[in-house]
Amino acid sequence: VFNSDMHRDVSACLTHLGIEHENGVLCGPYLLDIVAMDMVNPARRIVYEVNAPHHYYESTQMVTAEKRLRHRMLTRLSQRLHMVNTEDWRPLTAAQKMTFLLKLQQAQQDANSQEAKQQAAANALRAPLPSLRPNSSLASKPKSLMLKSSLNSPIRVPAPPSRKGHGALTAR
């Protein structure tokens, strides 16, 4: 779903660069212009908002009220928008357009990587894993395999509260 020739051009440049993306992805009441996959962090995505000439008030650099509301609502829906504006896009050559998009993509991938590292560090602080030292008593005990005879013995299951007076259950 393309809403302008500029949108089609941005999508074609991303395709030429080999960046996987989709056009017109549903988000709340809106369709996101372009959603690209973050190639460093595949669980993340990069959202490009194309501000074509018809998204501005005539003879100004000011985005229309409808577009500003859209940007505000998408931001509140936790979308980090990367703007591709007409005044930035129009004067560029084909090679410069590719470089422009690569810089946007790389900057967001770097930000996503940094955010993922910070989140991993915060998670590690919240729930530290026990460290096993090679000199600990657990490491010195060799593991033993279960004998077949122990597999034939009944399994003792704790009694549920309703059967407390009747004793433990056994299963085979």
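Further up the page is the structure itself.
Basis of the calculations
Residues numbered from 1 in each chain as written. Predicted model: local features only at pLDDT ≥ 70, side-chain atom pairs only at ≥ 80, totals over all residues. Heavy atoms only, no water. Salt bridge = Lys/Arg side-chain N within 4 Å of Asp/Glu carboxyl O. Helix = DSSP H or I, 4+ residues; strand = E, 2+ residues; numbered from the N terminus. Buried < 20%, exposed > 50% of the residue type's maximum accessible area, 1.4 Å probe, protein only. Axes fitted to C-alpha atoms, helices over the stretch in contact; angles between N-to-C directions. Parallel < 35°, antiparallel > 145°, perpendicular 65-115°, else oblique. Contact = heavy atoms within 4.5 Å. Nonpolar A, V, L, I, M, F, W, Y, C, P; charged D, E, K, R; others polar. Pairing = 2+ DSSP bridges.

**So, the pattern of salt bridges**
Thought 1: Applying the stated criterion across every chain, the model contains seven salt bridges.
Thought 2: Between aspartate 5 and arginine 8 there is a salt bridge, and its shortest N-O distance comes to 3.2 Å. With aspartate 5 and arginine 8 both in helix α1 (residues 5-17), this residue pair falls three residues apart, about one helical turn.
Thought 3: For aspartate 5, a relative accessible area of 62% corresponds to the exposed category.
Thought 4: On the accessibility criterion, arginine 8 (41% relative accessible area) is partly exposed.
Thought 5: The salt bridge partner of arginine 80 is glutamate 115, with a shortest N-O separation of 3.0 Å. Of this pair, arginine 80 sits in the loop between α2 (65-76) and β4 (81-85) while glutamate 115 sits in helix α4 (residues 94-126), placing them 35 residues apart in sequence.
Thought 6: We classify arginine 80 as partly exposed; its relative accessible area is 43%.
Thought 7: Residues joined in a network through salt bridges with shared partners are Asp33, Glu49, Lys67 and Arg70.

**Observations concerning the packing of α1 against α4**
Thought 1: Packing of α1 against α4 brings their axes to within 10 Å, and their N-to-C directions diverge by 80°. In terms of orientation, α1 and α4 fall into the roughly perpendicular class. Every residue of α4 that contacts α1 at Asp9, Val10, Cys13, Leu14, His16 and Leu17 is listed here: Lys97, Met98, Leu101 and Leu102.
Thought 2: Among the residues making up the contact of α1 with α4, the classes are represented as seven nonpolar, one polar and two charged.

**Overview of the side chain of aspartate 33**
Thought 1: Looking at the secondary structure, you find aspartate 33 in strand β2 (residues 30-37).
Thought 2: For aspartate 33, a relative accessible area of 4% puts it in the buried group.
Thought 3: Beyond its immediate sequence surroundings of up to four residues, aspartate 33 is in contact with Asn3, His7, Glu22, Asn23, Gly24, Tyr48, Glu49, Val50, Lys67 and Arg70.

**Some details on the pairing of strand β1 (residues 21-27)**
Thought 1: Of the strand pairs in this sheet, β1 and β2 are connected by six bridges, and their pairing is antiparallel. What sits directly across from leucine 26, in β2, is leucine 31.
Thought 2: Between the end of β1 and the start of β2, which pair antiparallel, lie two residues, with glycine 28 showing a positive phi angle near 60°.

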